[in-house]
Amino acid sequence: QVQLVESGGGLVQPGGSLRLSCTASGFAFSTYAMRWYRQAPGKERELVASITRGGGTTNYEDSVKGRFTISRDNDKNTVYLQMNSLKPEDTAVYYCNTFTWKNYWGQGTQVTVSS
């Protein structure tokens, strides 16, 4: 079965960096686009970044452009989200996502940006 397992979240000060990882199994990882979403308390889940199956095209939500970078290693079945210059408003649970014949989600990893 499809499994997505996120890691790398934590508490970081404003201006700091974190790298999230999502390791996938149970499907042909290299043939599907991957996405990172986030959900802050009291807010709807929003798309943060996406990457095509080969990694050649990426897209970002406007508020993270220039600060976040999505990448993937198809040999390791892993997608990453490098987050730099973090702000308190980046605080959220971050989820890895893919759509094969339906949407699949990881369990999420908490990112807290606070001094």
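That block above? That's the structure.
Residues numbered from 1 in each chain as written. Predicted model: local features only at pLDDT ≥ 70, side-chain atom pairs only at ≥ 80, totals over all residues. Heavy atoms only, no water.

*Asks:* I'm lost on the nonpolar core in this one. Help?
*Replies:* Residues W36, V79, L81, M83 and Y94 are the most contacted members of the largest nonpolar core, which totals 28 residues. Residue assignment for this core shows that the elements contributing at least two residues are strand 3 (18-25), strand 4 (34-39), strand 5 (46-51), strand 7 (68-73), strand 8 (78-83), strand 9 (92-99) and strand 11 (109-113). At 4 residues, strand 3 tops the list of elements feeding residues into this core. Leave out the neighbours within four places in its chain, and Y94 touches E6, L20, W36, Y37, R38, V48, F68, L81, M83, G108, T109 and V111. (Core = buried A, V, L, I, M, F, W, Y, C linked by side-chain atoms within 4.5 Å. Buried < 20%, exposed > 50% of the residue type's maximum accessible area, 1.4 Å probe, protein only. Helix = DSSP H or I, 4+ residues; strand = E, 2+ residues; numbered from the N terminus. Contact = heavy atoms within 4.5 Å.)

*Asks:* Which parts of the structure should I look at to understand the packing of aromatic side chains?
*Replies:* Counting across every chain of the model gives 4 aromatic pairs. A ring pair is formed by Y95 and W105, whose centres lie 6.4 Å apart and whose planes are at 90 degrees; its orientation type is edge-to-face. Of this pair, Y95 sits in strand 9 while W105 sits in strand 10 (residues 103-105), and the two are 10 residues apart along the sequence. Through a chain of ring-to-ring contacts, three or more aromatic side chains come together here, namely F27, F29 and Y32. We note R45 situated over the ring of W105; from NZ or CZ to the ring centre the distance is 4.5 Å. (Phe/Tyr/Trp six-rings, centres within 6.5 Å; stacked < 30°, edge-to-face > 60°. Lys NZ or Arg CZ within 6 Å of the ring centre and 35° of its normal.)

*Asks:* Explanation requested: the environment of S21 in the structure shown.
*Replies:* Note on placement: S21 falls in strand 3. Separated by 17 residues in sequence, S21 and R38 have C-alpha atoms that sit 14 Å apart. If we skip the residues at most four places from it in the chain, S21 touches V5, E6, S7, W36, T78, V79 and Y80.

*Asks:* Just checking my understanding: could you explain unusual backbone geometry for this structure?
*Replies:* A negative phi angle is the norm for most residues apart from glycine, just as the trans form is the norm for most peptide bonds. In this model, N77 sits at a positive phi of 50 degrees, which is unusual for a non-glycine residue. The backbone phi angle of S85 is positive, close to 50 degrees, even though this residue is not glycine.

*Asks:* What am I meant to see in the pairing of strand 8 here?
*Replies:* Note on strand geometry: in a regular strand, side chains alternate between the two faces of the sheet. Across the 6 residues of strand 8, 5 count as buried, placing the element largely inside the fold. Here strand 3 pairs with strand 8 via 6 bridges, running antiparallel. In the sheet register, S21 faces strand 8, and the bridge partner there is Y80. Taken together, the 6 bridges between strand 7 and strand 8 define a ladder with antiparallel strand orientation. In the strand pairing of strand 8, I70 is matched with L81. What sits between the antiparallel neighbours strand 7 and strand 8 is a turn of 4 residues, in which N77 has the positive phi angle 50 degrees. (Pairing = 2+ DSSP bridges.)

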